[in-house]
Every structure is written in C-alpha cells, then in structure tokens.
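One-letter residues, chain by chain:
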Amino acid sequence: MARKIALAGIGKIARDQHVPSIAASGDWELAATITRHEGVEGIENYTDIDAMLAACPDIDVISLCLPPVPRFEYAAAAIRAGRHVMLEKPPGATLAECHTLEAMAREAGVSIFATWHSREAASVEAARKWLADKTLKRLKITWLEDVRLWHPGQEWIWEPGGLGVFDPGINALSILTRILPVPVHLRSATLKFPDNRQTPIAADLDFRHPGGAEVNAEFDWRKEGDQFWNIEAETDAGTLVLSDGGANLSIDGAPVEASDVALDGEYPKLYARMVDLVQTGEIDMDLSPMVHVADAFLLGKRETIEPFD
Ligand code: NAP
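Residues numbered from 1 in each chain as written. Predicted model: local features only at pLDDT ≥ 70, side-chain atom pairs only at ≥ 80, totals over all residues. Heavy atoms only, no water.

This part takes up the sheet that holds strand β13 (residues 248-251). Read across the sheet, nine strands follow the order β14-β13-β12-β11-β7-β10-β9-β8-β15 without closing on themselves; strand pairing throughout is mixed. Two strands close off the open sheet at either side, each with one partner strand: β14 (254-256) and β15 (301-305). Neighbouring strand axes in the sheet, compared pairwise and without regard to direction, differ in orientation by 15° on average. Note: strand β8 (residues 185-194) against strand β9 (residues 202-208), seven bridges, orientation antiparallel. Its bridge partner being in β9, L186 is matched across the sheet by F207. Relative to strand β12 (residues 238-243), helix α5 (residues 124-131) is tilted by about 160°, and along the sheet it contacts β11 (228-235), β12 and β13. Contacts from helix α7 (residues 166-179) reach β7 (136-144), β8, β9, β10 (214-220), β11 and β12, with the element oriented near 155° to β7. (Pairing = 2+ DSSP bridges. Helix = DSSP H or I, 4+ residues; strand = E, 2+ residues; numbered from the N terminus. Axes fitted to C-alpha atoms, helices over the stretch in contact; angles between N-to-C directions. Contact = heavy atoms within 4.5 Å.)

Here it is, written out as structure tokens:
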C-alpha cells in the first residue's frame, strides 16, 4: 500500500521534480502540502506545518523543499511529531543545525534523509566505480551557469544562508564526495561577492588530496550561452569526463553507458531510497558536501565585485 507523504514548500523544485516523482511512484501518495501560497491541485493544503501534523496523524513522512534557512523549523516540528523527514539539498543553513536534526531523529527513532539529487545522476555510479582503483593526478570541476536562467525571481539565494553560487556548486561537491575513493579537504578559496549581495556569485576552490593530486573547482553564475556542469579527472589509466551534471561519462573521449538505469531520474531514485530508509529505520545524513561549502566561507578570500542585478 502507498505510504502517505506531505510536501512542504511548493516552489520550483517541488513542482518540477517532487510532485511528478511522487505521482509516478506506487510507493507514495501525496496526501497534503504545506505552502503559504498556491498548493497542488486536488491535494489538501495547509499554511502551517503544526496544523498539518495535528490534523493528519496518518501522514508519517514529510518532504521539505523549502530554501535552507526556513527548513530547520519545519524539520524539527516534523521530528517532534514523530514523522520521518526528507530534506532537499543543502540539508540546512548550518552544519550545527543539521547535527541537531540528526540527533533529534535518532532520539525520536525516525528516519532523516539528507538528499543529494546530483549523486543520483545517471553516470555518477559508473564514474565512482571507474575511479576506485585509479591513481588520480588532477581533477577539475567546472560548474558555469547563468543565474538569471535558473533562478529567476529567487531572492533567497542572495540572502545570508542562501549560498549564492554554492547552491549549484554544492551539487558538484556532492558528486566529488561520492566518486573520489579518498576524502579531500579545502586548502584555499576565493569568493566573489557582488557589492549589493550577501552571497557569492563566483568561487574558485583548491583542495588538498592525500595522494598529492591537483583538485580544484570553478563555480560561476555569470555564464551566458553554453552552460557547463563538468568534472574532468586525469588518472594514471586515462582521463574521465563526467558531463552535464553527472548524466554523461566518457573515458579518453569514448562514451561510457550509464551503469545505473534501473530507475529513470534523480528524484525517483531519492524517493525509492526514502522508502528503504523508512522501512529499515535508518538515517542517511551525509554532510560532506556541505563541509566543503562551510570551509569555503571560513577560509575563502573575499573579493567584492561590481553589483549584480
Ligand atoms: P523556490 O522556487 O524559491 O521555492 C521554495 C518554496 O519554499 C517557495 O515557493 C515557498 O513556498 C517556500 N518558502 C520560501 N521561503 C520560505 C520561508 N521563509 N518560509 C517558508 N517557506 C518558504 O526554491 P526552489 O528552487 O524550489 O529551491 C528550494 C530548495 O530546493 C533549495 O534548497 C534548492 O537548493 C533546492 N533545489 C532546487 C533546484 C532547482 O532547480 N530550483 C534543484 C534542486 C534542488 P510557499 O510559497 O509555498 O510557502
């Protein structure tokens, strides 16, 4: 029987991915939404999460698609009410609040899932397997996109806690932390802040790799025309290119077929994983992509650049 789920924060990603993925799955039934504005046609909507939790004891999973800053209060309310919680990326506005949520979930005996949708892109698993026994010499992340195209009208991305260019950049870091067999840590960074904004529009990151490989990332939200979401890794046995946000893979220029096509799409895979977590009572709260972002804000050199409108 389908498990009832409620969706909070009916914005771009909820409408583009969550609602269709839930509707297409036999495991889930969208039973309520929590939004201050327009909900989903035919689904009961609440403007307040506490009211929904009190009115719907049969909904035991809550999926949160809000921006990071307001998400904690919703997640904490759901856990206090004994519900399982699924978090859009990034799982919170700070690492400390994510640790708090995990501790609360353990205490309450409910599942919590920090989702990283880019890790579910079709070729990420094949890239991880290929890199597992190679010696890395150099890895370059190139994540260049046009913020005007992808985030029209979203002011929260420029507010404190909105992450700026790290909102897409953390997707690249979620792939990096999945495909590398050994962890890296940030050595230095430069963040470019428009004079009229609280968050960076571009960032360059340099990581220390335990084997001495050169590992760096370039994130830029000012790219017009062609968009790039690529990771290139040069190894002792050839060069891997993971392109289009993890969708496509080539080794030495030859395309490699995706190894993981059982479920089509990043979000259907996340919802399938949530079924497993709830059934087994497990917690999946990997914060490693967010650690790199936090380190970039801690360690990064700040450059103020021209205003961005
Ligand atoms: P969005 O379109 O701005 O929508 C977020 C929704 O959250 C809003 O429609 C609003 O819903 C609710 N919300 C906003 N501020 C709130 C507040 N202060 N308190 C309560 N609710 C608030 O944002 P989005 O693009 O969907 O992104 C949401 C999250 O998904 C972000 O963490 C983002 O990184 C992640 N994500 C986005 C994309 C993408 O392509 N856009 C892709 C993957 C992941 P109501 O008006 O209904 O209350």
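From this point, the narrative continues.
A few words now on the pattern of salt bridges. All chains considered together, the criterion is met by 18 salt bridges. Between R138 and E232 there is a salt bridge, and its shortest N-O distance comes to 3.2 Å. Here the residue R138 occupies a position in strand β7, and E232 occupies one in strand β11, the gap between them amounting to 94 residues. Assessed through its relative accessible area of 24%, R138 is described here as partly exposed. Overall, the relative accessible area of 33% leaves E232 in the partly exposed class. Beyond isolated ion pairs, a larger network of salt bridges with shared partners links E125, R128 and K129. (Salt bridge = Lys/Arg side-chain N within 4 Å of Asp/Glu carboxyl O. Buried < 20%, exposed > 50% of the residue type's maximum accessible area, 1.4 Å probe, protein only.)

Tallied over the full model, the rule gives zero disulfides. For C65, which is in no disulfide, the shortest distance to another cysteine sulfur is to C98 and amounts to 16 Å. The buried category is assigned to C65, whose relative accessible area is 10%. (Disulfide = S-S within 2.5 Å.)

Mapped onto the elements, S174 comes out in helix α7. Residue class for S174 comes out buried when judged on its relative accessible area of 0%. Here the side chain of S174 touches N171 through a polar contact of 2.7 Å, landing on its backbone oxygen. Discounting chain neighbours no more than four positions away, the residues touching S174 are W116, S118, R119 and P289. (Polar contact = N/O pair within 3.5 Å; in protein donor to acceptor, adjacent residues only side chain to side chain.)

Before going further, it helps to examine the packing of helix α1 (residues 12-24) against helix α8 (residues 266-280). In a pair of packed helices, the angle between the axes and the distance between the axes together describe the arrangement. The geometry of α1 relative to α8 is characterised by a closest axis approach of 9 Å and an angle of 55° between their N-to-C directions. Judged by the angle between their axes, α1 and α8 are oblique. Read as a crossing pair, α1 and α8 show a hand that is right-handed. Of α8, the residues touching α1 (which contributes I13, Q17, H18, S21 and I22) are Y267, P268 and Y271. (Parallel < 35°, antiparallel > 145°, perpendicular 65-115°, else oblique. Left-handed = near helix turned anticlockwise from the far one by under 90°.)

Examined at the domain level, the chain breaks down into domain 1 (3-114) and domain 2 (122-254 + 293-305). On a C-alpha basis, the centroid separation for the pair domain 1 and domain 2 is 28 Å. At the interface, seven residues of domain 1 touch ten residues of domain 2. Between domain 1 and domain 2, roughly 660 Å² of surface is buried when both sides are summed, and carbon and sulfur atoms account for 69% of that area. The interface formed by domain 1 and domain 2 holds one salt bridge in total. Here D167 makes a salt bridge to K89, at a shortest N to O gap of 3.4 Å. If you look at where domain 1 meets domain 2, you find one residue pair in polar contact (both at pLDDT 80 or more). Residues belonging to the side of domain 1 that touches domain 2 are distributed by class as follows: five nonpolar, no polar and two charged. (Domains from an automatic or database assignment. Buried area = accessible area lost by both parts, 1.4 Å probe. Nonpolar A, V, L, I, M, F, W, Y, C, P; charged D, E, K, R; others polar.)

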